[in-house]
Amino acid sequence: MKVGILGSGVVGQALGRGFASRGYSVKVSSRTPYSQKLKEWVRKNGKNASTGTFAEAAAFGDLLVLATPGTAAEVAIDLAGRNNFDGKVLIDVTNALDFRGGSAGLFVGTTDSLGERIQNKLPKAKVVKCFNTVGNTQMVDPKHKDAEMLICGNDDAAKKEVSRIVTEFGWKGVIDVGGIDGARWLEALVPLWVRVGTKLNVWDHVFKVLR
Ligand SMILES: NC(=O)c1ccc[n+]([C@@H]2O[C@H](COP(=O)([O-])OP(=O)(O)OC[C@H]3O[C@@H](n4cnc5c(N)ncnc54)[C@H](OP(=O)(O)O)[C@@H]3O)[C@@H](O)[C@H]2O)c1
């Protein structure tokens, strides 16, 4: 399977490494896809790894990942070309973090979410919110192997596929919290994750559901 990743920051690179290491062909994208930073990422990740523009990555992938700042999500989708998302699973990792108040808050929340905005902008894509509640170092080969990833989305088959990938990346499994409106609450967990990290001075922490 081919995977197109929109975004080449720490998240795009971490998930790109995860896919490439599991045998998927991956194209990570940027507005400057042949920068020194990305040439180095390709060199480290071998023959399954490549880079391109947002539009090239979106056309390349059978499965797509959105990993830009929440504020840039819609711009990145427009650069990628909306029809490149039709019929595809889109893993949405974005967060609506807003630090303007001095500590972590949200620029959209409780009655709306980035996940819903992205699904509304791309009605023919199957958006699954995933990976947004954990730090980039824990997305692949996590330290806490007994925790489950929180996901949501409207399409059951898409969530099943993403769940398989999450398990392949080393997670115990997923907890599916329902339709894409669940993104309101997955995104709302993240300011809390930042506050806990700041308080404990750890950044590889994850929330685990005990039962
Ligand atoms: N960092 C984490 O541990 C973590 C964990 C969970 C979720 N998240 C969420 O995942 C997303 C990605 O995180 P990150 O830390 O990897 O982000 P990042 O480093 O800030 O993202 C950089 C990527 O976004 C693109 N971008 C930035 N502004 C843009 C704009 N105006 N138009 C088009 N593209 C733009 C950049 O493109 P260029 O390459 O062209 O500059 C680059 O590819 C965020 O929404 C974040 O909240 C992060």
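Remember, predicted model here, so these are calculated numbers, not experimental data. (Residues numbered from 1 in each chain as written. Predicted model: local features only at pLDDT ≥ 70, side-chain atom pairs only at ≥ 80, totals over all residues. Heavy atoms only, no water.)

Visitor: Can you explain the site of the ligand? Please cite residues and give values.
Guide: Around the ligand there are 24 residues in total, and Ser8, Ser30, Arg31, Thr68 and Asn136 lie nearest to it. The contact in question runs from an oxygen atom of the ligand to an N or O atom on the backbone of Val11, over 3.0 Å. Measuring from an oxygen atom of the ligand, one finds a backbone N or O atom of Asn136 at 2.8 Å. Notes on the ligand: free accessible area 900 Å², of which the protein chains cover 74%. Within the shell around the ligand, the residues separate by chemical class into 11 nonpolar, 12 polar and 1 charged. (Near = heavy atom within 4 Å. Polar contact = N/O pair within 3.5 Å; in protein donor to acceptor, adjacent residues only side chain to side chain. Areas by Shrake-Rupley, 256 points an atom, 1.4 Å probe, with all protein chains shown as cover. Nonpolar A, V, L, I, M, F, W, Y, C, P; charged D, E, K, R; others polar.)

Visitor: An account of the sheet that holds strand β2 (residues 25-29) is needed here, citing residue identities and associated values.
Guide: Read across the open sheet, the 8 strands follow the order β3-β2-β1-β4-β5-β8-β9-β10; overall the sheet is mixed. Edge positions in the open sheet fall to β3 (49-52) and β10 (173-176), since each of these has one partner strand only. If you compare each strand with its neighbour and ignore which way they point, the axes differ by 25° on average. (Pairing = 2+ DSSP bridges. Helix = DSSP H or I, 4+ residues; strand = E, 2+ residues; numbered from the N terminus. Axes fitted to C-alpha atoms, helices over the stretch in contact; angles between N-to-C directions.)

Visitor: Explain the side chain of Lys88 residue by residue, including any values.
Guide: Along the chain, Lys88 falls in the loop between α4 (73-80) and β5 (89-92). Nearest to the buried, unbridged Lys88 among oppositely charged side chains is Asp62, at 6.3 Å. Excluding residues that lie within four positions of it along the chain, Lys88 makes contacts with Ala58, Ala59, Gly61, Asp62, Leu64, Lys124, Ala125 and Lys126. (Buried < 20%, exposed > 50% of the residue type's maximum accessible area, 1.4 Å probe, protein only. Lys, Arg positive; Asp, Glu negative; His and termini not counted. Salt bridge = Lys/Arg side-chain N within 4 Å of Asp/Glu carboxyl O. Contact = heavy atoms within 4.5 Å.)

Visitor: So what about the pattern of salt bridges? Which residues, and what values?
Guide: The final tally for this structure, using the stated rule, is 17 salt bridges. Note that Lys129 is salt-bridged to Asp92, the shortest N-O span being 2.7 Å. Taken together, the residues Lys129 in strand β8 (residues 126-129) and Asp92 in strand β5 connect sequence positions 37 residues apart. Take Asp92: its relative accessible area is 0%, and that puts it in the buried class. Among the salt bridges present, the one from Arg100 reaches Asp98, with a minimum N-O distance of 2.7 Å. A relative accessible area of 72% places Arg100 in the exposed class. Taking relative accessible area as the criterion, Asp98 reaches 14% and is therefore assigned buried. Here the residues in one salt-bridge network are Glu74, Asp78, Arg82 and Lys121, joined through shared partners.

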